Amino acid sequence: MHRPALSIVIPCYNEAACLEPLHRRVTDAAHAAVGADYEIVLVNDGSRDDSWAVMQRLAAADPKLVAINLSRNHGHQLALTAGLDLCGGAQILIIDADLQDPPELLADMRAAMVAQAADVVYAVRRKRDGETLFKKATAAVFYRVLDRVTDTPIPLDTGDFRLMSRRALDAFLSLPEQARFIRGMVAWVGFRQVPFPYDRAERHAGETNYPIGKMIRLAFDAVTGFSTAPLRFASHAGLALTAASLLLFVYIAIGFFTGSAVQGWTSTMLVVVLLGAVQMFVLGMIGEYLGRLYIESKHRPLYIVADVAGPVLGRATLGFRAEPVEGVPASSPRA
């Protein structure tokens, strides 16, 4: 089977208003970069709007486009994994459907990959137009805290917008974990990875699909997936509380011998509340890690494909299809 020079993988959730201009701009960018030797992979992540209907219409009119409909909303990172697993290109561009990341940068990213002999060209955000000050501030804090606590260096101010070689993608696809933080996983596989600065635009239409709750969940996945720092917090907290206890003992002894000790429950309750809060926090972090071990032990498939429109050229080994699709061999959950 012919492997196209380029695959463009785009996870979509409630992006019906963006899909037609997205398809037009991505097609123009792909033609400018590699001619006709490309494929576009759209993944519908259980959208509640008309996204799947629009994808089917686009796939019927464009033989270069394959549309994948997941059985439900699996989340952005798993939807992206499905697209990466099912694509077949020698180079793979990851881009979101909201057009905040300009597809017109594809040719320059490919040139940077060749010029620097890189396997990954990751886009670094210089500007973030159309985003609130709160979003910009929390994103900046998140990336810098993540850089401090994780064992794997993860580039600052980067999303999933990047160009990858096939060997880098194959290495990524060998990582089976359920709680996925793809930009960290790509950083972990190594190879030569180079930055590509760009200015991020406003959304073309619609609202963000990453509200504060999903951002916090992604942050937890990032920290627990690439760092044991939260677990080490228990030992650091124990040492700090031991030092504080010694100081409190000295204070009580001085008050006892000088007769200035104040009778009451305030200091006692303060210590009890402090110790209880630290213990609950530590238990909560241990519970997060244990919960992830429990989920991983089930060995469930990462995603389930309900329908496919267009030719699928990738391996499709990580996921599971409820029914065989013409031209695509049936797969089963990884053991």
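Scroll up for the structure.
Residues numbered from 1 in each chain as written. Predicted model: local features only at pLDDT ≥ 70, side-chain atom pairs only at ≥ 80, totals over all residues. Heavy atoms only, no water.

(A) Local environment of the overall build of the protein. Secondary structure assignment for the protein yields 10 helices and nine strands. Sequence separation of 24 or more characterises 80% of the internal contacts of the protein that already satisfy a separation of 6 or more. By element, 63% of the accessible surface of the protein is carried by carbon and sulfur atoms, the whole surface being about 17000 Å². (Helix = DSSP H or I, 4+ residues; strand = E, 2+ residues; numbered from the N terminus. Contact = heavy atoms within 4.5 Å. Areas by Shrake-Rupley, 256 points an atom, 1.4 Å probe, with all protein chains shown as cover.)

(B) Quick look at a nonpolar patch on the surface. On the surface, Leu283, Ile286 and Leu290 cluster together into a nonpolar patch covering about 280 Å² of accessible area. Checked against the element boundaries, Ile286 lands in helix H10 (residues 266-297). (Patch = residues over 30% accessible without salt bridge, like charges linked within 9 Å, V, L, I, M, F, W, Y side chains within 5 Å. Salt bridge = Lys/Arg side-chain N within 4 Å of Asp/Glu carboxyl O.)

(C) Local environment of the packing of helix H3 (residues 76-86) against helix H6 (residues 166-173). It is at 10 Å that the axes of H3 and H6 come closest, and there the two elements cross at 125°. Classified by the angle their axes make, H3 and H6 are oblique. Remark: the crossing between H3 and H6 carries left-handed chirality. Side by side, H3 and H6 meet where Thr81, Leu84 and Asp85 of the first sit next to Leu169, Phe172 and Leu173 of the second. Each residue belonging to the contact of H3 with H6 can be placed in one class, and the counts come to four nonpolar, one polar and one charged. (Axes fitted to C-alpha atoms, helices over the stretch in contact; angles between N-to-C directions. Parallel < 35°, antiparallel > 145°, perpendicular 65-115°, else oblique. Left-handed = near helix turned anticlockwise from the far one by under 90°. Nonpolar A, V, L, I, M, F, W, Y, C, P; charged D, E, K, R; others polar.)

(D) Broad picture of H6. Among all positions in H6, only Arg166, Ala168, Leu169, Phe172 and Leu173 are buried. Angularly, the buried residues of H6 cover 160° about the axis, an arc narrow enough to put them on a single face. (Buried < 20%, exposed > 50% of the residue type's maximum accessible area, 1.4 Å probe, protein only. Arc of directions from axis to C-beta.)

(E) Up close: the pattern of salt bridges. Considering all chains together, one arrives at five salt bridges under this definition. In this structure, Arg167 and Asp119 form a salt bridge, with 2.9 Å as the shortest nitrogen-oxygen distance. Separated by 48 residues along the polypeptide, Arg167 in helix H6 and Asp119 in the loop between helix H4 (106-115) and strand S5 (120-128) bring together distant segments of the chain.

(F) Molecular detail of helix H7 (residues 182-189). Burial analysis of H7 places seven of its eight residues in the buried class, which makes it a mostly covered element. Every buried residue of H7 is accounted for by Ile182, Arg183, Gly184, Met185, Val186, Ala187 and Val189. Where H7 ends, the next residue or the one after it, Gly190, has phi of about 85°, a positive value.

(G) Examining the nonpolar core more closely. With 38 residues, the main nonpolar core has Leu6, Ile8, Ile10 and Leu42 as its most contacted residues. Looking at which element gives the most residues to this core, the answer is helix H1 (residues 16-34), with six residues. Look past the residues within four positions of Leu6 in its chain and what remains in contact with it is Ala30, Val34, Asp37, Tyr38, Glu39, Gly89, Ala90, Gln91, Ile92, Leu93, Leu106 and Leu163. The next biggest cluster of nonpolar side chains, apart from the first, holds 30 residues, and it includes Val43, Val66, Ile94 and Phe172. (Core = buried A, V, L, I, M, F, W, Y, C linked by side-chain atoms within 4.5 Å.)

(H) Broad picture of the side chain of His23. Examined against the element boundaries, His23 turns out to sit in helix H1. Among the residues examined, His23 registers a relative accessible area of 17% and is labelled buried. Here His23 is in contact with Ile40, Leu58, Asp62 and Leu65, once residues within four sequence places are set aside.

(I) A look at unusual backbone geometry. Notably, Asn14 is not glycine yet its phi reads approximately 55°, a positive angle. The residue Asn14 is located in the loop between strand S1 (6-12) and H1 in this model. Its relative accessible area of 26% is what places Asn14 among the partly exposed residues. Of note in this structure, Phe191 is not a glycine but carries a positive phi near 65°.

Coordinates in, geometry out; function isn't part of it.
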